[in-house]
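# What the coordinates show
Now for the letters of each chain:
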Protein chains: 2
Amino acid sequence: MIDATHDPKLTSWVANANDHADFPVQNLPLGLFSPANEAPRPGTAIGDHIIEWQALVAAGLRLDSPTMEAVLATPALRKSVRQQLSNLLSDPQYREAAEPYLHAAADCTLHLPTRIGDYTDFYAGIHHAVTVGKLFRPDNPLLPNYKHVPIGYHGRASSIRPSGAPVIRPKGQTKAPDAEAPSFGPSKRLDFELELGIWIGPGNDLGQPIDIAQAADHIAGYCLLNDWSARDFQAWEYQPLGPFLAKNFMTTISPWIITPEALAPFRLAQAPRPEGDPKPLPYLWDAADQAAGALKLSLEVLIETAGMRAQNLPPFALSRSEARHMYWTPSQLLTHHASNGCNLQTGDLLGTGTISGPAPDSAGSLLELSEGGKKPVTLPSNETRSFLEDGDALILRAYAEADGFVRIGFGDCRGRILPAG
Amino acid sequence: MIDATHDPKLTSWVANANDHADFPVQNLPLGLFSPANEAPRPGTAIGDHIIEWQALVAAGLRLDSPTMEAVLATPALRKSVRQQLSNLLSDPQYREAAEPYLHAAADCTLHLPTRIGDYTDFYAGIHHAVTVGKLFRPDNPLLPNYKHVPIGYHGRASSIRPSGAPVIRPKGQTKAPDAEAPSFGPSKRLDFELELGIWIGPGNDLGQPIDIAQAADHIAGYCLLNDWSARDFQAWEYQPLGPFLAKNFMTTISPWIITPEALAPFRLAQAPRPEGDPKPLPYLWDAADQAAGALKLSLEVLIETAGMRAQNLPPFALSRSEARHMYWTPSQLLTHHASNGCNLQTGDLLGTGTISGPAPDSAGSLLELSEGGKKPVTLPSNETRSFLEDGDALILRAYAEADGFVRIGFGDCRGRILPAG
């Protein structure tokens, strides 16, 4: 629902918040942060500052400061806190009471916003599925189940880290097709994957599926997600049970939860499925979900190598894509996940899968951009990349724009590769 | 290490503990339980009773009662509590102080012993891998990676339940090979899988692998694990990313953690790999791990149908197997898991994969026992089973026997199928 919190004329008394590329007063994301050397607490990014939710109490707008878990689990509370934060940060009368709770983001540490119980990764980017499928099966890139089943698998919750955490190049087993035996060592085909993360709000009890018409009520928000992947491990280990050590050494997410409320103005008419594509089974089909439309989100992947830093070159855009390239809606992913009675819990995280666009320069991984390593990408530093090198920093970004609304963004999802230990 | 706690002459003052099939004073498993209508607390099964750890304090053997998390995370504490419980329950001088903390197991509720962070399922039963592989690929049953890589994948932590919790038949997508389109409905090929669970004790930091020589120090104990599987969902969904909704609707475990100390007397000389099998890569090979030998554990699968209950027939043994049929040791599974730097955490659970024996009647799933449904199993009630029917109860059991030692067991891992909702 679009309301006064989205009004483009709304401004904040916080310096630099107005016209901030990611965090104007129309965004109001949820996060967990520590001011320098202090304990973690929930807060909201505003411009290049962070406001503690405790400020709502200091300003007399709330009797108590809610926990992150309560806000995620309770959509009405999440919406009420948004409205209160909008008032707090836009109305100068609250400035004096709130300012002691305002911190320069540069002085703070961002944490994972909540304890992640289970993490599931989907495969909803159809252009990624086709391009990667072509590398393995040129004649039959898309498996027969793809347009019927929102394909997904369980990932590792313990190794999810917030933006900025170092990424140690993993060691593992590989076997080149022409090698006699496998060997063990640092990955030579380390890659990124451009994904969105979907945060679960209210959960469901074991054995109780979630109807597609109610699925949106179970989504607390979104983030960026980099599903770092060791392609050489993946090729050797993934049959028959799927990716394991190729993925679970690390997953990086952007630490701010961008709420469904913040994203309400940014929707597209759902891209119709290509003619001839099967209509999803009834449990995955809801007219309102289709009518709500895909998220209107622009996605970017930037790289910054040690060589580029030495030449003072800015990060280089490897790829630009859009959230609309998902074949399944977030509600379809969630409903499918719970359709067998599997219980989702508050704070669980779903990855969408790599969101590549149809064009070669809109691919969400180096595997695709370099065509499996055959066509290295040339960077402004005249370096080339088939896969990631030590010292490379990878930055994912997302932002939403629409006529008549203020642009909002997700904040960076960044990780730099360290050499294998 | 075998010590005085294993002495076969040791007896307990608790009625029925001596000669108990599972829980004599030589076992002393770890669990979390509630006496009738009371709060959960840690305790230990002794005969058909449960003793609260608080009894150690009441008897003056400890200053404070440890938490389950501390015992799992700290091998020295786990071993010390074992020694103290052995004294408490065998020496009559402690009876008066301890008895207020002793509860009839029949009056108690058993819980999961700890919060499970991440759950990983392996595929270490080579006879299962061969038999199932033959159903899909008659000419090439075992994939080329099997004897090099301890194959595993991530499972769902949220839907793990202790023995006795009902198992609701899941709904899901299936597509028969000759059907034009998939359909959605209750699984028609619901199966069990006979596995062991491995509880992680001390964890490792992200990016810090666990050396194979230290791996055993990270294992806090074992349980039985039933990896319920909807074979019809699995066949349609599992490519290319592995099993998902076919598995994550429910996993049942036996609630008692059987410690490495309890199992110390029950080891076999490691079954040598068949001649010609590749030697594992150095990171997976430790002479001491090999010399310690496989767990000497007998495994049983029993079924009890509604028809059998109506005829007062006892549960029927569908299958008998042994833990030694694992191709990889628990230390190898754990070291492989952490070899890329993936961080294991205290309370994580690893499944071994289905532990089938080489003989047809030692298979750990109905998929194998009925040859993919082609040869239904006949039960004493004259019913037949290709897969599980509503009302069927499935019971997994494990016990260890060795000359000169008292038999110990794991307690039941039981679940009964309820109709789809």
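These figures come from a predicted structure and were not determined experimentally. The numbers attached to residues start from 1 for each chain and follow its sequence in the written order. Naming scheme: in the order in which they are written, chains are lettered from A and ligands are numbered from 1. With pLDDT at 70 or above as the cut-off, local features in this predicted model cover only qualifying residues; side-chain atom pairs require 80 or more to be listed or tallied, and sums for whole chains, interfaces and linings still use all residues. Each side-chain value is derived from all of the structure's non-hydrogen atoms; neither hydrogens nor water enter the calculation.

Helical segments are the DSSP runs of H or I of at least four residues, strand segments are the runs of E of at least two, and each set is numbered from the N terminus. If you tally the helices and strands in chain A, you get 11 helices and 26 strands. When we talk radius of gyration, it's over C-alpha atoms, and the globule rule is simply 2.2 Å times the number of residues to the 0.38. Here chain A has a C-alpha radius of gyration of 21 Å; the compact-globule value for 421 residues is 22 Å, and the two agree. Principal axes of the C-alpha set define a box for chain A whose edges measure 70 × 55 × 40 Å. The rule is simple: take the accessible area with a 1.4 Å probe, protein chains only, and divide by the maximum for that residue type; under 20% is buried, over 50% is exposed, in between is partly exposed. Within chain A, the proportion of its 421 residues that are buried is 61%. The centroid of the 34 positive side-chain charges in chain A is displaced by 4 Å from the centroid of its 46 negative side-chain charges. Only four residue types enter the charge count, namely Lys and Arg as positive and Asp and Glu as negative; His and the chain termini do not. Where a charge lies is defined by one atom per residue type, namely NZ (Lys), CZ (Arg), CG (Asp) and CD (Glu).

With that settled, the discussion passes to the environment of Ala129(A). Secondary-structure assignment places Ala129(A) in helix 5 (residues 126–136). Residues Ala129(A) and Gly155(A), 26 residues apart in the sequence, show an inter-C-alpha distance of 18 Å.

What follows deals with the relation of the copies chain B and chain A. Copy-to-copy alignment: least squares on C-alpha atoms, limited to residues at pLDDT 70 or above in both. When chain B is fitted to chain A, the residual RMSD is 0.0 Å, and the transformation amounts to a turn of 180° plus an axial shift of 0.0 Å. The relationship between the two copies is best expressed as a two-fold rotation axis. Across chain B, the rotation axis passes nearest the C-alpha of Gly242(B), at a separation of 2.2 Å. Contact criterion: two residues are considered in contact whenever any of their non-hydrogen atoms come within 4.5 Å of each other. Of the residues that chain B buries at the interface, 100% are likewise interface residues in chain A, meaning the two copies contact each other through the same surface.

A few words now on the pairing of strand 13 (residues 194–200) of chain B. Residue and element names in this part refer to chain B. With seven of its seven residues buried, strand 13 lies for the most part within the structure. Paired strands, in this sense, are two strands between which DSSP finds at least two bridges. Two elements, strand 13 and strand 14 (residues 219–226), share seven bridges in a ladder whose sense is antiparallel. Bridge assignment links leucine 194 to a residue of strand 14, and that residue is asparagine 226. Pairing between strand 13 and strand 21 (residues 349–351): three bridges, direction antiparallel. In the strand pairing of strand 21, isoleucine 198 is matched with leucine 350.

On the chain A side, the residues contacting the 55 residues of chain B number 55 residues. Accessible area, probed at 1.4 Å, shrinks when two parts are joined; the buried area is that loss added up over both. Summed over both sides, the interface between chain B and chain A buries roughly 5200 Å², with carbon and sulfur atoms accounting for 61% of that surface. Counting the surface chain B buries against chain A, the share from its top three residues, Arg156(B), Leu241(B) and Phe244(B), is 15%. Basic side-chain nitrogens of Lys or Arg form a salt bridge, by our definition, when they fall within 4 Å of a carboxyl oxygen of Asp or Glu. Scanning the region where chain B abuts chain A turns up four salt bridges. Across the salt bridge formed by Asp118(A) and Arg156(B), the nearest N and O atoms sit 3.5 Å from each other. As used in this structure description, the phrase polar contact means that two N or O atoms lie within 3.5 Å; if the pair is within protein, one of them must be able to donate a hydrogen and the other to accept it, and residues adjacent in sequence are counted only when both atoms belong to side chains. Inspection of the chain B/chain A interface yields 26 residue pairs in polar contact (both at pLDDT 80 or more). Tallying contributions element by element places strand 7 (residues 152–154) of chain B first for the side of chain B that touches chain A, with three residues. Side-chain classes are defined by residue name, with Ala, Val, Leu, Ile, Met, Phe, Trp, Tyr, Cys and Pro counting as nonpolar, Asp, Glu, Lys and Arg as charged, and the others, Gly among them, as polar. Looking at the side of chain B that touches chain A residue by residue, the classes come out as 27 nonpolar, 21 polar and seven charged.

Right, let's talk about unusual backbone geometry for a bit. All names here are of chain A. With an omega dihedral of 5°, the bond running from glutamine 239 to proline 240 counts as a cis peptide bond. The topology assignment puts proline 240 in the loop between helix 6 (231–237) and strand 16 (251–253). For leucine 28, which is not glycine, the phi dihedral falls at a positive 60°. Counting through the fold element by element, leucine 28 comes out in the segment before strand 1 (31–34). Of note, the phi angle at asparagine 37 is positive, near 60°, even though the residue is not glycine. Among the secondary structure elements, asparagine 37 is positioned in the loop between strand 1 and strand 2 (41–46).

All names here are of chain A. Buried residues of helix 5: Ile126, His128, Ala129, Val132 and Gly133, and no others. All buried residues of helix 5 project into a common sector of 150° when viewed along the axis, lining one side. In this structure, the buried side of helix 5 is in contact with helix 11 (366–369). The directions from the helix axis to the C-beta atoms form the arc being described.

All names here are of chain B. Any Phe, Tyr or Trp ring, taking Trp's six-membered ring, that has another such ring centre within 6.5 Å forms a pair; planes under 30 degrees apart are called stacked, those over 60 apart edge-to-face, and the others tilted. According to the stated counting rule, one finds 14 aromatic pairs over all chains in the structure shown. Ring geometry for phenylalanine 23 and tryptophan 256: centres 6.1 Å apart, planes at 65°, overall edge-to-face. Residue phenylalanine 23 is located in the segment before strand 1 (31–34), and its partner tryptophan 256 is located in the loop between strand 16 (251–253) and helix 7 (260–263); the two are separated by 233 residues in the primary sequence. When its relative accessible area of 8% is taken as the criterion, phenylalanine 23 is described as buried.

Moving on to the UniProt feature "binding site: Ca(2+)" (unreviewed entry) in chain A. Residues and elements named next belong to chain A. When the UniProt feature table is mapped onto this chain, "binding site: Ca(2+)" (unreviewed entry) is found at Asp121, Glu193, Glu195 and Asp227. Spatial clustering of the annotated residues is evident: they stretch over 107 residues in sequence, but the largest pairwise C-alpha distance comes to 11.4 Å. Tracing the backbone through its elements, the reader meets glutamate 193 in the loop between strand 12 (190–191) and strand 13 (194–200). In this view, glutamate 193 contacts His128, Leu225, Asn226, Asp227, Ser229, Arg231, Lys247, Thr354, Gly364, Ser365 and Leu396; residues no more than four positions away in its chain are not counted. Mapped onto the fold, aspartate 227 is located in the loop between strand 14 (219–226) and strand 15 (229–230). With residues up to four places along the chain from it excluded, the contact list for aspartate 227 reads Tyr119, Asp121, Tyr153, Phe192, Glu193, Glu195, Lys247 and Thr251. UniProt positions are given in the numbering used here, feature names are shortened, and annotations may be inferred rather than shown by experiment.

A few words now on the sheet that holds strand 4 (residues 102–104) of chain A. Residue and element names in this part refer to chain A. Taken in spatial order, the five strands line up as 4-3-2-1-5 in an open sheet, and their pairing is antiparallel. What marks the edges here is a single partner per strand, and that holds for strand 4 and strand 5 (109–111). Ignoring which end each strand starts from, the neighbouring axes of this sheet average 45° apart. Geometry is summarised by axes, namely lines fitted to C-alpha atoms with helices restricted to the contacting stretch, and by angles between N-to-C directions that run from 0 to 180 degrees.

Residue and element names in this part refer to chain B. The antiparallel open sheet is built from five strands, whose spatial order is 4-3-2-1-5. Pairing within the sheet leaves two strands with one partner each, and these edge strands are strand 4 (102–104) and strand 5 (109–111). Ignoring which end each strand starts from, the neighbouring axes of this sheet average 45° apart. Across three bridges, strand 1 lies against strand 2 (residues 41–46) in antiparallel orientation.

Residue and element names in this part refer to chain A. Within the element layout of this structure, serine 365 appears in the loop between strand 21 (349–351) and helix 11. According to the relative accessible area criterion, serine 365 is buried, its value standing at 0%. Between the C-alpha atoms of serine 365 and glutamate 195, which are 170 residues apart in sequence, the distance is 9.9 Å. A distance of 2.7 Å separates polar atoms of two side chains, one belonging to serine 365 and the other to glutamate 368.

Size of an interface, as often reported, equals the accessible area lost when the parts are brought together. Residue and element names in this part refer to chain A. Just so you know, the domain bounds were taken from an automatic or database domain assignment. Once the domains are mapped, chain A shows domain 1 (4–111) and domain 2 (119–418). Contact with domain 1, which involves 25 residues of that partner, is made by 26 residues of domain 2. When domain 1 packs against domain 2, the two sides together hide about 2100 Å² of surface, and 66% of this comes from carbon and sulfur. Contact with domain 2 buries area across many residues of domain 1, yet His6, Leu72 and Arg78 alone supply 26% of it, more than any other trio. At the surface where domain 1 touches domain 2, the tally comes to one salt bridge. One salt bridge connects arginine 78 with glutamate 261, and the closest N-O pair in it is separated by 2.9 Å. Between domain 1 and domain 2 we count seven residue pairs in polar contact (both at pLDDT 80 or more) in total. Taken together, the elements giving at least two residues each to the side of domain 1 that touches domain 2 come down to strand 2, helix 2 (68–73), helix 3 (75–90) and strand 5. Top contributing element to the side of domain 1 that touches domain 2 by residue count: helix 3, with four residues.

To continue, consider the pattern of salt bridges. Residues and elements named next belong to chain A. This structure, assessed with the given rule, holds 45 salt bridges over all chains. Notably, a salt bridge pairs arginine 41 with glutamate 38, separated by 3.2 Å at the nearest N-O pair. You can call arginine 41 buried: its relative accessible area is 17%. Via salt bridges that share partners, Asp191, Glu193, Asp227, Arg231 and Lys247 belong to a single interconnected network.

Moving on: the confidence of the model for chain A. When pLDDT is low, close inspection of the predicted coordinates is not appropriate. pLDDT is a residue-level measure of predictor confidence that goes from 0 to 100. Overall, the predicted model of chain A reaches an average pLDDT of 96, with 99% of residues at or above 70. Here helix 8 (residues 287–292) of chain A stands out as the element of chain A with the lowest mean pLDDT, 90, in contrast to strand 16 of chain A, whose mean of 99 is the highest.

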